[in-house]
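One letter stands for each residue in the lines below.
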Amino acid sequence: MSVATAHAPADGLSEHQREIRAMARQLAREHYAPLAAEWDAGRVPLPAEERRRLGDLGLLGITLPEEFGGSAAPVLDALLVIEELAKECRPAAFQVFECTTGPATVVNLLGGDELRARYLPPIIRGQATMAVAISEPDAGSAATDMTTRAVLDGDVYRVTGTKRWISGGGHADQYLLYARMADVPGARGIGALVVDADTPGISFGAQEKLMGFRGIPSCDIHLDDVPVPAANLLVPAGRFRDLFTGFSLERLGNATMSLAIAQAALDRTLGYVVERRAFGKPLIDFQATQMTVADMVLQVEAARLLVHRAARTAGHGLPSPLEVSLAKCTANETAKRVTDLAIQLHGGNGYTEEYGLERLHRDAHGWALAGGTPTMQRTRIVSELLGRAFDQRR
């Protein structure tokens, strides 16, 4: 039994939330766990039929409006599902993540009725996917350095540039694409469009061979005078803050992926140190093991409390940026530390693929890099606390 479930009566969850968590846990353990290692080894994206399975179960529309086929539930419900799926299979969890905390949710929060009605129903059913395209070869953490341009030409925007580090790149049906829309420096000139993947002028680079994130495609997108209907405008230039406030939900989903990785490593370690014997007794009987396990539990529980606090603040809307940065930074670093400690407690076994810890450790580093690194989150924490921005260029 995991630490997360051992104290369920005091977790503050409703009966419905416990039920949806239990359903996701069963799905993850019985269906996805036997497939996850094979998909990881082969770098296999989640098959389309599996995405539709998640849609049929209602898991892709948990936080999205009922009028489009969703459940209109609070974000915490989605995070509970993401955590359970991600303990066993990150590519499956990623589909729920993208729909309920990622670009589809940003479209729901910031888009007009026509845009929402056009794009959200097929996403909720698992018939289409949407990825977010922000980073560029020379604009990663410094997102406002982006040079991709969208110029209005009659009733279309002409988009030119290159996007990089796109989770879902080359496989998504649409992209929520950030671009420079006005000739003003920094964030003030940036807006966002929804771009269909089959639009003329779009081409894709080779799939990245990442250390982790296997089964979550990633590649460059090249846009050469791509015509995007003006009706696909999500946010015009001048509303970059709205976009990044919406992006806080994606960071909360990211934190949950890290939390799941840490919890999975802890669960496997608890079982191992109780069963594994050395020098004639179980590993857990050694005080050094007890101290290490206790540190792992402390870190995982602290991360969960911060993630759930941010989710409860968000309710059905947007979370506090400060609470999200605290949760993401803590969960990202917890996942890296706890998976590393798990490998150490497993000894040589931990260094094999058989026990699955190396896969957890590789993915832990990926989620810490995605969506704003812990270093960037620390800057945001101080910025939010003091109510001021820090210019990194001076």
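This section reports on the structure supplied with the text.

Conventions and cut-offs
Residues numbered from 1 in each chain as written. Predicted model: local features only at pLDDT ≥ 70, side-chain atom pairs only at ≥ 80, totals over all residues. Heavy atoms only, no water. Phe/Tyr/Trp six-rings, centres within 6.5 Å; stacked < 30°, edge-to-face > 60°. Helix = DSSP H or I, 4+ residues; strand = E, 2+ residues; numbered from the N terminus. Buried < 20%, exposed > 50% of the residue type's maximum accessible area, 1.4 Å probe, protein only. Lys NZ or Arg CZ within 6 Å of the ring centre and 35° of its normal. 1 Å grid on protein atoms, 1.4 Å probe; cavity = no way out; pocket = protein on both sides within 12 Å on 5 of 7 lines; lining within 4 Å. Points joined across faces, edges and corners; volume = space filled by probe spheres on them. Nonpolar A, V, L, I, M, F, W, Y, C, P; charged D, E, K, R; others polar. Patch = residues over 30% accessible without salt bridge, like charges linked within 9 Å, V, L, I, M, F, W, Y side chains within 5 Å. Areas by Shrake-Rupley, 256 points an atom, 1.4 Å probe, with all protein chains shown as cover. Salt bridge = Lys/Arg side-chain N within 4 Å of Asp/Glu carboxyl O.

## Regarding the packing of aromatic side chains
No. 1: In the structure shown here, the tally under the stated rule is nine aromatic pairs.
No. 2: Summarising the aromatic geometry, the rings of Phe 97 and Trp 367 are spaced 5.4 Å apart at their centres and angled 65° between planes, so their arrangement reads as edge-to-face. One end of the pair, Phe 97, is in helix 5 (residues 90-100); the other, Trp 367, is in helix 11 (residues 357-369), with 270 residues separating them in the sequence.
No. 3: Of the residues examined, Trp 367 reaches a relative accessible area of 2% and is grouped as buried.
No. 4: Between Tyr 175 and Phe 204, the aromatic rings sit 6.1 Å apart at their centres with planes inclined by 40°, giving tilted as the arrangement. Here the residue Tyr 175 occupies a position in strand 4 (residues 174-180), and Phe 204 occupies one in strand 6 (residues 202-204), the gap between them amounting to 29 residues.
No. 5: Of the residues examined, Tyr 175 reaches a relative accessible area of 2% and is grouped as buried.
No. 6: Counting every residue linked through ring pairs, the aromatic cluster contains Phe 94, Phe 97, Phe 213 and Trp 367.
No. 7: Looking at Lys 281, its charged tip hangs above the ring of Phe 286, at a distance of 4.4 Å from the centre.

## A closer look at empty space enclosed by the protein
No. 1: On inspection of all chains with the given rule, the structure shows two cavities of 30 Å³ or more.
No. 2: What the largest cavity holds in volume is close to 60 Å³.
No. 3: Forming the boundary of the largest cavity are Ala 36, Trp 39, Asp 40, Glu 88, Cys 89, Arg 90, Pro 91, Arg 214, Arg 359 and Asp 363.
No. 4: The greatest single-element share of the lining of the largest cavity, amounting to three residues, is contributed by helix 2 (residues 15-42).
No. 5: For the lining of the largest cavity, the class distribution of residues is four nonpolar, no polar and six charged.
No. 6: One number sums up the size of the second largest cavity: a volume of about 40 Å³.
No. 7: If you trace the second largest cavity, you find it lined by Gln 95, Glu 98, Cys 99, Ala 104, Ile 123, Thr 129 and Met 130.
No. 8: Residue contributions to the lining of the second largest cavity peak at three residues, all from helix 5.
No. 9: Its residues assigned to classes, the lining of the second largest cavity comprises four nonpolar, two polar and one charged.

## Re a nonpolar patch on the surface
No. 1: Residues Val 382, Leu 385, Leu 386 and Phe 390 make up a contiguous nonpolar surface patch of about 370 Å² in total accessible area.
No. 2: Of note, Leu 386 is situated in helix 12 (residues 374-386).
No. 3: Assessed through its relative accessible area of 55%, Leu 386 is described here as exposed.

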